[in-house]
Amino acid sequence: MAIAFGAVGAAASQTAVSPLNLTGPTVSGSDTIGFCVAYGGDTADVVTGITWGGSAMTFIAKILTNNNHYSYLYYILNPSSGATVEITYSGGSHFMSGGTIYYTGAQQSGQPDANTTTETPNTALTSTLTTIADNCWLVSVIACDSGIAATAGTGTIIRTGTGISWDIFDSNGARSIGSNSIIATLPIEGGNAVTASFAPATSLANLKTWNGLAKASVKTINGLAIASVKTWNGLS
């Protein structure tokens, strides 16, 4: 099953004590995955967790940005539709902002496929990682202290227009195994990215190998006859 873009939720920001509450996007389709960006902290690494509809999201990576805020990226499988997304942080009143996005057709285990953080002192930003699974998509939060969105480069699309010094970009399509990049031009010199790849859901019927063995030679999975296994790690 191929990955497809779903929708973004409304971005929000505040300078106040925790939490910051966002409204997530309306989610539909199957094999969904949601991502949340948090950006803020006033030089302090303060985000302690994010929930989507009351369920804990999983931390991917963070980076201290050029303008002394932190960018964070979290994900959740099978996110609920139109739910409250709560960013919790410590240390009293801080500037904090955030936004959400979701996709369909994502593998329901073993995410993310890979991740990286990138920093540039220039206006050209290329965030590169090595994808492990075939047909992954890349998603990235790119931040610079301008209030003006960066411009997407080759093989990249911008999905938000927050005006809050960060935006969400993705690859707008599947990438093959190997070195892959999110590319952007910043409106001012100096910026950062947190980038992750995520793998597509794959039909069990199309599975070629299992733990390095040809599927035809695999008789059991975890003690069960392979003929009786209908789904595995979200595959069917």
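See the structure above.
Keep in mind that this is a model prediction, so the values were computed, not measured. (Residues numbered from 1 in each chain as written. Predicted model: local features only at pLDDT ≥ 70, side-chain atom pairs only at ≥ 80, totals over all residues. Heavy atoms only, no water.)

Draft legend 1. Spotlight on the environment of G153. As for its position among the elements, G153 is in the loop between β14 (151-152) and β15 (157-158). Here G153 falls in the partly exposed class, since its relative accessible area comes to 23%. Distance from G153 to I182, taken between C-alpha atoms, is 7.7 Å for residues 29 residues apart in sequence. Non-local contacts of G153, meaning those with residues more than four positions away in its chain, are made with I183 and A184. (Helix = DSSP H or I, 4+ residues; strand = E, 2+ residues; numbered from the N terminus. Buried < 20%, exposed > 50% of the residue type's maximum accessible area, 1.4 Å probe, protein only. Contact = heavy atoms within 4.5 Å.)

Draft legend 2. Fine view of the packing of aromatic side chains. Counted under the stated rule, the structure contains eight aromatic pairs. Seen from their ring centres, F35 and Y103 are 6.1 Å apart, and the 75° between their planes marks the pair as edge-to-face. Note that F35 is positioned in strand β4 (residues 33-40) and Y103 in strand β10 (residues 94-104), a separation of 68 residues in sequence. Note on F35: relative accessible area 2%, which makes it buried. The exposure class assigned to Y103 is buried, which follows from its relative accessible area of 0%. (Phe/Tyr/Trp six-rings, centres within 6.5 Å; stacked < 30°, edge-to-face > 60°.)

Draft legend 3. Molecular detail of the environment of D145. Among the secondary structure elements, D145 is positioned in the loop between β13 (137-143) and β14. A relative accessible area of 48% places D145 in the partly exposed class. For D145, the residues in contact, after removing those within four places along its chain, are N67, S165 and I188.

Draft legend 4. Quick peek at unusual backbone geometry. At the junction of S18 and P19, the peptide bond is cis and its omega measures out at 5° in the coordinates. Relative to the assigned elements, P19 resides in the loop between β2 (12-16) and β3 (20-23). In this chain, Q111 is followed by P112 through a cis amide linkage whose omega measures -5°. Here P112 is to be found in the loop between β10 and β11 (114-120).

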